[in-house]
Amino acid sequence: MAKTIAQSDFAQLYASAGRACGLLKVLANPDRLLLLCHLAEGECCVSDMEVALDIHQPTLSQQLGVLRDEGLVATRRAGKHIYYKLASPESIAIINTLQAQFCKPSKK
């Protein structure tokens, strides 16, 4: 026997699905995904990310701006440097899962 979903529950599920789709769209860019994976290791300044990930200006600033606008990262300024860190519990959970699945050392 199929379980029916109450109309109010369905509306909440639909809204949650929309938020999940929005997050997945943001993650569907290789540069943004690399940035988030790098930030999963800890807070980092823009200049260090540029060197570590070989993502150059203006792409780096553009993609960090998207992540900031979506609430996935937070910033703090220290002198001339801007530091980024992961800020979204949902993105942290997904990045941790992706790293476990795709960033394991290969077995040879």
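To keep things clear, this report deals only with the structure shown in the data block. All values reported here derive from a predicted model rather than from experimental measurement.

**Observations regarding the packing of aromatic side chains**
- Counted under the stated rule, the structure contains one aromatic pair.
- Aromatic side chains Phe-10 and Tyr-14 sit 6.0 Å apart centroid to centroid with 35° between the ring planes, which places their arrangement in the tilted category. Residue Phe-10 and its partner Tyr-14 are both found in helix H1 (residues 7–27); the two are separated by four residues, about one turn of the helix.
- Note on Tyr-14: relative accessible area 61%, which makes it exposed.

**Topic: the nonpolar core**
- By size, the foremost hydrophobic cluster in this structure holds 20 residues, and its most contacted members are Leu-35, Leu-36, Met-49, Leu-64 and Leu-67.
- Of all the secondary structure elements, the ones that give two or more residues to this core are H1, helix H2 (30–39), helix H3 (46–53), helix H4 (59–69) and strand E3 (81–86).
- Sorting elements by how many residues they give to this core places H2 first, with four residues.

**Describing the pattern of salt bridges**
- Applying the stated rule across the entire model yields one salt bridge.
- Put simply, Arg-76 and Glu-43 hold a salt bridge, and the shortest N to O gap is 2.9 Å. One end of the pair, Arg-76, is in strand E2 (residues 73–78); the other, Glu-43, is in the loop between H2 and strand E1 (44–45), and 33 residues separate them in sequence.
- Take Arg-76: its relative accessible area is 40%, and that puts it in the partly exposed class.
- On the accessibility criterion, Glu-43 (38% relative accessible area) is partly exposed.

**Points about the state of the cysteines**
- Under the definition given, this model contains zero disulfides.
- This cysteine, Cys-37, is not joined by any disulfide, and Cys-103 carries the nearest cysteine sulfur, 5.2 Å off.
- Distance from the sulfur of Cys-45, which forms no disulfide, to the nearest cysteine sulfur (Cys-44) is 5.4 Å.

The rules behind each value
Residues numbered from 1 in each chain as written. Predicted model: local features only at pLDDT ≥ 70, side-chain atom pairs only at ≥ 80, totals over all residues. Heavy atoms only, no water. Phe/Tyr/Trp six-rings, centres within 6.5 Å; stacked < 30°, edge-to-face > 60°. Helix = DSSP H or I, 4+ residues; strand = E, 2+ residues; numbered from the N terminus. Buried < 20%, exposed > 50% of the residue type's maximum accessible area, 1.4 Å probe, protein only. Core = buried A, V, L, I, M, F, W, Y, C linked by side-chain atoms within 4.5 Å. Salt bridge = Lys/Arg side-chain N within 4 Å of Asp/Glu carboxyl O. Disulfide = S-S within 2.5 Å.

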